[in-house]
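Notes for the structure review
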Amino acid sequence: MKTLYIEGSRDTDNGNLREAFSKLLSKELEGKMPKIIMSGGKDHTVDDFHSKPLKPNEERFLLFDSDAPSPNKQLICDKFNNDKTNRKISATTDNTFLMIQEVEAWILSQPDVLTAAGIDMSKFNCQNVETIHKPCEKLADLYKKSGKTYTKVNEFAKIFPKLDTKKLKQTCSEFKALIDALNK
């Protein structure tokens with residue numbers, strides 16, 4: 001059994017992040033879907049990943065924003081492991097995946113999806129979305145300039161499942177690595 005801990009709100013009042021991730025991932029993982037657990041902020045997510053009792057035969061994975069353009073995943077895992085000495089499982093480069101710099105970079109990697117949602121992408125030109133500092137703010141600005149409001153949960157939950165996972169695997173290497181790990 002595979003379990004994926006993801007940074008993000010579990011509150012469903014303004015949209016359902018777990019459902020949005022599930023819809024996106026199911027495009028690649030039909031029949032192999034992990035149990036998805038939204039755990040709040042990064043620290044809480046990592047703590048849940050480390051601390052929750054492991055079920056028999058459970059494989060556990062971790063997904064969170066890197067908040068940096070060129071993260072060293074090994075150093076990140078080491079820091080998390082050192083901060084939580086009494087843990088049920090360690091974060092490793094094989095079970096830990098990053099949304100570089102934030103998950104909104106995944107959305108920005110597919111301007112055609114945003115255009116279809118009524119967002120003016122005519123002035124957006126970025127070859128590598130993972131280099132965008134604060135992709136969430138960039139996305140909110142694009143929405144604002146299009147007369148709309150981007151909300152981290154509600155609007156995200158609407159647009160995220162529409163992404164093309166084949167394209168996403170080409171533009172975001174950590175997404176491809178996550179899919180490969182979950183497909184094993």
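Here, the structure is the one placed above.
Scope of this entry: the structure provided in the associated data block.

The rules behind each value
Residues numbered from 1 in each chain as written. Predicted model: local features only at pLDDT ≥ 70, side-chain atom pairs only at ≥ 80, totals over all residues. Heavy atoms only, no water. Phe/Tyr/Trp six-rings, centres within 6.5 Å; stacked < 30°, edge-to-face > 60°. Buried < 20%, exposed > 50% of the residue type's maximum accessible area, 1.4 Å probe, protein only. Helix = DSSP H or I, 4+ residues; strand = E, 2+ residues; numbered from the N terminus. Pairing = 2+ DSSP bridges. Arc of directions from axis to C-beta. Contact = heavy atoms within 4.5 Å. Polar contact = N/O pair within 3.5 Å; in protein donor to acceptor, adjacent residues only side chain to side chain.

Considering the packing of aromatic side chains
A complete count under the given rule lists nine aromatic pairs for this structure. Ring geometry for Y143 versus Y150: centroids 5.3 Å apart, planes at 55 degrees, classification tilted. According to the relative accessible area criterion, Y143 is buried, its value standing at 1%. Note on Y150: relative accessible area 9%, which makes it buried. Through a chain of ring-to-ring contacts, the aromatic side chains of F21, W106, F156, F160 and F175 assemble into a single cluster.

Concerning the pairing of strand β1 (residues 2-6)
Within β1, five of the five residues are buried, which leaves the element mostly enclosed by the surrounding structure. Covered by surrounding structure in β1 are K2, L4 and I6 together with T3 and Y5, the residues of both alternating faces. Summarising the sheet, β1 and strand β3 (residues 59-65) pair through five bridges and their orientation is parallel. When the bridges of β3 are listed, I6 appears paired with L63. Where β1 meets strand β2 (residues 35-38), four bridges bridge the pair, whose relative direction is parallel. Residue pairing for β2: I6 is matched across the bridge by M38.

Thoughts on helix α3 (residues 73-83)
Buried residues of α3: K73, I76, C77, F80 and N81, and no others. Angularly, the buried residues of α3 cover 130 degrees about the axis, an arc narrow enough to put them on a single face. Residues of α3 that are exposed and point more than 90 degrees away from the buried face comprise L75, N82 and D83. Those residues of α3 that are buried lie in contact with α2 (42-51), β3, β4 (96-99) and α9 (173-183). Sitting at the amino-terminal end of α3 is N72, which places a side-chain oxygen 3.1 Å from the backbone nitrogen of Q74.

Observations concerning the environment of L142
By the secondary structure assignment, L142 is in helix α6 (residues 135-145). On a C-alpha basis, the gap between L142 and I119 in space is 6.8 Å, while along the polypeptide they are 23 residues apart. Dropping the residues within four chain positions of it, L142 is found in contact with L108, I119, D120, M121 and F124.

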